[in-house]
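# Survey of secondary and tertiary structure
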Amino acid sequence: MHLEDRPLEFSKITHHASVTQCLGSIGGHVWYLGVARPSLVDPGESTAVKSQCGHSYVPPGADGVRVFKISGPKFVKLDRGTWHAGPLFLEKAMDFYNLELSNTNVVDHTTHDFLEKNEVIFLFDP
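Per chain, the residues get numbers from 1 upward, laid out in the order the sequence is written. pLDDT decides what is reported in this predicted model: residues at 70 or higher carry local features, side-chain atom pairs at 80 or more are listed and counted, and totals for whole chains, interfaces and linings draw on all residues regardless. Here the side-chain values reflect all heavy atoms present in the structure, with hydrogen atoms and water set aside.

## A closer look at the overall build of the protein
In this text, helices come from DSSP runs of H or I with a minimum length of four residues, and strands from runs of E with a minimum of two, each type numbered from the N-terminal end. When its secondary structure is counted, the protein shows one helix and 14 strands. All radius of gyration figures rest on C-alpha atoms, and the globule criterion is 2.2 Å times the number of residues raised to 0.38. Taking 126 residues into account, the globule formula puts the C-alpha radius of gyration at 14 Å, and the protein, at 15 Å, falls close to it. Taking the principal axes of its C-alpha atoms as reference, the protein extends roughly 45 × 30 × 20 Å. Only protein chains enter the accessibility calculation, which uses a 1.4 Å probe; a residue whose area is less than 20% of its type maximum is buried, one above 50% is exposed, and one in between is partly exposed. Out of the 126 residues belonging to the protein, those deemed buried represent 40%. Only the protein chains shown count as covering a residue, and every accessible area follows the Shrake-Rupley method with a 1.4 Å probe. Total accessible area on the protein is roughly 7,300 Å²; 51% of this is exposed by carbon and sulfur atoms. One finds the centroid of the 11 positive side-chain charges in the protein at a distance of 4 Å from the centroid of its 15 negative side-chain charges. By the counting rule applied here, Lys and Arg register as positive and Asp and Glu as negative, while His and the ends of each chain are not counted. To locate a charge, take NZ of a lysine, CZ of an arginine, CG of an aspartate or CD of a glutamate.

Structure below.
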């Protein structure tokens, strides 16, 4: 996938409840990924939110988000339900391998917006 203008900031984080995902930069360039633990739960849990995709989850807390620097020719595997923001990078544009189902972002895409909850925008300086 070809991405452009992905600065080192985010307020939204996404997960896919049904599939894993693997990401890697073409050419091994440096990029960044914000990550939080999966938070899929049974529908009866008191703090559960029902996704438009049908599963239940607990929204991630801002204090649980970590940003990782990824460099070199490697892939990152995100387990099912892992919250992620990115890829983010300093270049104008980058190309990535993205291994997921062709319709994942249509049928299995849940987003949490930290700004909607009066939380934070993540800004970072490498």
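## Considering the layout of surface pockets
Over the atoms a probe the size of a water molecule is rolled, and this reveals where empty space is left. Points on a 1 Å grid, built from protein atoms alone, make a cavity when a 1.4 Å probe fits but cannot get out and make a pocket when they are open with protein on both sides within 12 Å along at least 5 of 7 lines; residues with an atom within 4 Å of a point are the lining residues. Grid points are joined across faces, edges and corners, and a volume is the space filled by probe spheres set on the points. Considering only enclosed or pocket space, the largest pocket measures out at about 170 Å³ in volume. Along the wall of the largest pocket there are 14 residues; nearest its centre are Met-1, Gln-21, His-84, Gly-86 and Asn-105. Those elements that provide at least two residues to the lining of the largest pocket are strand E4 (21-25) and strand E11 (83-88). A total of three residues in the lining of the largest pocket trace back to one element, the largest contributor, which is E11. In terms of residue class, the lining of the largest pocket is made up of four nonpolar, eight polar and two charged. Residue classes follow a fixed rule: Ala, Val, Leu, Ile, Met, Phe, Trp, Tyr, Cys and Pro count as nonpolar, while Asp, Glu, Lys and Arg count as charged, and any other residue, Gly among them, counts as polar.

## Considering the sheet that holds strand E7 (residues 49-50)
Should DSSP find at least two bridges between two strands, the strands are regarded as paired. Strands sit in the order E6-E8-E7 across an open sheet of three strands; the sheet is antiparallel. For this open sheet the edge positions go to strand E6 (40-41) and E7, each flanked by a neighbour on one side alone. One ladder, built from two bridges, connects E7 with strand E8 (residues 56-57); its direction is antiparallel. Note on E8: the bridge partner recorded for Lys-50 is Ser-56.

## Thoughts on the pattern of salt bridges
Every case where a carboxyl oxygen of Asp or Glu lies within 4 Å of a side-chain nitrogen of Lys or Arg is listed as a salt bridge. One pass over the structure, following the stated rule, counts two salt bridges. A salt bridge links Lys-92 to Asp-5; the nearest nitrogen and oxygen atoms lie 2.9 Å apart. One end of the pair, Lys-92, is in the loop between E11 and strand E12 (93-99); the other, Asp-5, is in the loop between strand E1 (2-4) and strand E2 (9-10), and 87 residues separate them in sequence. Here Asp-79 ties to Lys-77 by a salt bridge, and the two come within 3.1 Å at their closest N and O atoms. Taking the relative accessible area as the measure of exposure, Asp-79 reaches 43% and is therefore partly exposed.

## Regarding the packing of aromatic side chains
Here the aromatic set is Phe, Tyr and Trp, taking the six-membered ring for Trp, and pairing holds for ring centres within 6.5 Å; pairs whose planes are under 30 degrees apart are stacked, those over 60 apart are edge-to-face, and all others are tilted. Taken as a whole, this structure holds four aromatic pairs when the rule is applied. Consider the rings of Tyr-57 and Trp-83, whose centres lie 5.5 Å apart with planes at 65 degrees: the pair is edge-to-face. One end of the pair, Tyr-57, is in strand E8; the other, Trp-83, is in strand E11, with 26 residues separating them in the sequence. What makes Tyr-57 buried here is its relative accessible area of 8%. You can call Trp-83 buried: its relative accessible area is 0%.

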